[in-house]
Amino acid sequence: MSPSTEQGNDNRFENLRQELRRGSLPLAVLAALRTEHYGYTLRKTLAVHGMAIDEGTLYPLLRRLETQGLLVSEWREEDKRNKRFYRLSPDGKLILKQLLIEWKSIHTSLEDIF
Amino acid sequence: MALVDRYLHAVKFWLPRNQKDDIIAELSEDLRSQIEDKENELGHKLSDDEVEPILKRCGSPMAVAGRYLPQQSLIGPALFPIYSIIIRSLIFYFLLPWLLLWLGITIFSPDFRVDHPGAALFASLEPWWLACTYSLFFNTLAFALLDRSQVRSHLVNNWNPRALPTERDHNRISRGATIFELTVVVATLAVLVQIDPFHRVFHFFGLTMTLSPQWPYFIWALTALTGGGIAVSCLHLAQPCWTRLSASLRLGLDVYSWGLIYLLCRANLLQALSGGDLGSNDGVKLVNSFNYWMASSAGWVLFIGAIVLFFDIRRILRVGPAREFEKP
C-alpha cells in the first residue's frame with residue numbers, strides 16, 4: 001500500500017471514528033452527570049473512561065442539553081472560584097433511561113450483524 | 001494570564017450578546033483549571049510559551065465561539081441542489097457563451113478593435129461583469145429568501161413520485177430529428193443535381209452574376225457533403241443511438257462541412273455583377289463588398305465550427321467504448 005493511500009485510509013478512519021464518537025457523546029455526558037460535575041471535572045471523568053472531549057465541544061453540548069431541559073445548572077463558589085455545576089434534571093433521567101435501552105438495542109443489533 | 005485574557009476577549013467578540021459573559025466565565029474557569037493542573041504537575045507558574053499550546057489546542061477564537069452558535073446557512077441543503085443547477089446553467093449557457101462571443105469579436109473583428117483601442121477593449125466587457133454580479137447576487141438573494149419562507153416547505157414536501165420526469169437517454173438519437181435532417185439533405189441534393197457545375201453565369205432581376213472559376217469544385221464538394229449526410233442519417237435511422245462510430249462519423253461530417261463553408265467564404269466567389277441600372281464601378285464595388293463581407297465572416301465560421309466540433313468530440317468521449325455494443 002502506498003504512503004498516500006495509507007494516509008487516505010487513516011483520514012477516512014479518523015473521520016468515521018470521530019463521527020461515531022460524536023454520536024455517542026450526549027449519552028456519555030448524560031450518564032456522567034448522574035453525579036453532579038462542573039465542566040472541567042466532567043471532562044476529566046469522561047477522559048478517565050476513554051471518552052476524551054475538548055472544551056470547545058463539551059460546553060456547547062452542555063448548553064444544548066440544558067436548553068432541552070435535560071440538565072440543570074447552577075453557579076457556585078468552590079476553592080474560591082465560581083464554577084458552574086451540572087446535573088441531570090428529572091426529564092434528563094427519563095431520557096437517559098430510554099437512551100440506554102436504545103443504546104443496548106443498537107449494540108445487540110450490531111453484534112448480530114457482525 | 002494576560003494571554004488567556006486576550007484569548008477570552010477574542011472569543012467573546014464572536015459570541016451572541018446575551019450569552020457572552022456566561023460562556024466566557026465557564027470557558028475561563030476551564031482554562032484556568034487546566035493551567036492550574038499543569039502548574040501543579042510542573043511545580044512552577046506557566047510562562048506564556050507554556051500557556052500557548054493549551055490555547056492552541058482549544059481552537060481559534062472564532063471556531064470556539066462558532067460552536068455555541070446555531071448551525072446557519074444562507075441556502076439550506078433542501079434548496080441548494082436547485083440553486084447549484086441554476087448557477088451552473090447561468091455560467092455555462094449564458095455567461096460563458098457571452099465571454100466567448102466577446103473573445104470572438106475581439107479576435108476576428110478588426111473594426112471592433114479599432115473602435116475600442118487599449119484599455120477600452122476591456123472596458124467593453126463591463127456589461128458582462130455587471131451581468132455576472134447582478135445575476136449571481138439576485139439568484140443567491142432570491143434563494144436565501146426562499147429558504148426562509150413558507151414556499152420552501154411547500155416546494156420540498158409536496159411531491160408525487162408519479163409526477164417525476166421519466167429517465168432521459170442521452171445516447172438516444174431522436175427519430176424525428178433524423179427524418180427532418182434526411183429530408184433537408186435529400187432536398188438539397190435534389191437541387192444540387194439540377195445545377196450544371198460549369199454554368200457560372202446567372203441572370204436574375206435584370207442582373208447578370210458571374211461566379212468564380214472555383215464554383216464547380218464547390219458544387220461537387222457540396223454534393224459529396226449531402227451524400228455523406230444521407231449516409232449518416234440512414235445510419236441513425238437504422239441504429240438510433242450514439243456509438244463511437246456514429247459520433248466519429250458526425251465529427252468527420254462536421255469538420256468537412258465547416259471547412260467547406262470556411263473555404264466558400266474565402267473564395268471570392270462573386271466575380272462580376274452587371275446589368276440593370278448598375279454602372280461598371282457600382283458593379284465592382286458591390287462585388288468587392290460582397291467578397292469582403294464573406295471573407296470577414298470566415299473567422300466567425302471557424303469560431304462557430306470550433307464550438308460544434310467541441311460538442312462532437314465531447315459526444316465521442318461521453319459515449320465511451322463500453323457503450324459501443326449497447327442496444328438502442
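Before reading on, note that the structure itself is shown above.
Calculation rules
- Residues numbered from 1 in each chain as written.
- Chains lettered and ligands numbered in written order.
- Predicted model: local features only at pLDDT ≥ 70, side-chain atom pairs only at ≥ 80, totals over all residues.
- Contact = placed C-beta atoms within 7 Å.
- Helix = DSSP H or I, 4+ residues; strand = E, 2+ residues; numbered from the N terminus.
- Nonpolar A, V, L, I, M, F, W, Y, C, P; charged D, E, K, R; others polar.
- Pairing = 2+ DSSP bridges.
- Axes fitted to C-alpha atoms, helices over the stretch in contact; angles between N-to-C directions.
- Expected span 1.5 Å × (residues − 1).
- Buried ≥ 20, exposed ≤ 12 C-beta atoms within 10 Å, placed from the backbone.
- Parallel < 35°, antiparallel > 145°, perpendicular 65-115°, else oblique.

1. Overview of the interface of chain B and chain A
- Between chain B and chain A, the residue contacts involve 12 residues of the former and 12 residues of the latter.
- For the side of chain B that touches chain A, the secondary structure elements donating two or more residues are α2 (20–42) and α4 (61–66) of chain B.
- Ranked by residue count, the leading element in the side of chain B that touches chain A is α2 of chain B, at six residues.
- Considered class by class, the residues forming the side of chain B that touches chain A number six nonpolar, two polar and four charged.

2. A word on the sheet that holds strand β3 (residues 270–275) of chain B
All names here are of chain B.
- The strand order β1-β2-β3 describes an open sheet built from three strands, whose pairing is antiparallel. Of all the strands in the sheet, the pair left with one neighbour each is β1 (201–204) and β3. The sheet shows a mean angle of 20° between the axes of neighbouring strands, direction not considered.
- Taken together, the four bridges between β1 and strand β2 (residues 207–211) define a ladder with antiparallel strand orientation. The residue of β2 that forms the bridge with Phe204 is Leu207.

3. As for helix α12 (residues 244–266) of chain B
Residues and elements named next belong to chain B.
- Helix length check: α12, at 23 residues, gives a terminal C-alpha distance of 33 Å against a target of 33 Å (1.5 Å per residue), a fit within 8%.
- Turning to α12, its buried residues are Ser246, Arg250 and Cys265.
- Looking at the buried positions of α12, the neighbouring elements they touch are α11 (215–238) and α13 (280–319).
- Asn268 sits one or two positions beyond α12 and adopts a positive phi of about 50°.

4. Some points on the packing of helix α5 (residues 80–108) of chain B against helix α8 (residues 126–147) of chain B
Residue and element names in this part refer to chain B.
- Two elements in contact, α5 and α8, have axes whose closest approach is 11 Å; the angle formed by their N-to-C orientations is 175°. Here α5 is positioned roughly antiparallel relative to α8, judged by the angle of their axes. Contacts between α5 and α8 involve Tyr83, Ile86, Ile87, Leu90, Leu95, Trp98, Leu99 and Trp102 from the first element and Trp128, Ala131, Cys132, Ser135, Leu136, Asn139 and Phe143 from the second.
- Of the residues in the contact of α5 with α8, the class split is 13 nonpolar, two polar and no charged.

5. Brief notes about α2 of chain B
- Counted at 1.5 Å a residue, the expected span for α2 of chain B with its 23 residues is 33 Å, and the 33 Å between its end C-alpha atoms agrees.
- Residues Ile23, Glu26, Leu27, Asp30, Leu31, Ser33 and Gln34 of chain B constitute the buried set of α2 of chain B.
- Close packing links the buried residues of α2 of chain B with α2 (39–48), α3 (55–67) and β3 (81–88) of chain A together with α1 (2–14) and α3 (48–58) of chain B.
- Downstream of α2 of chain B by a residue or two, Gly43 of chain B has a phi angle that is positive, lying close to 80°.

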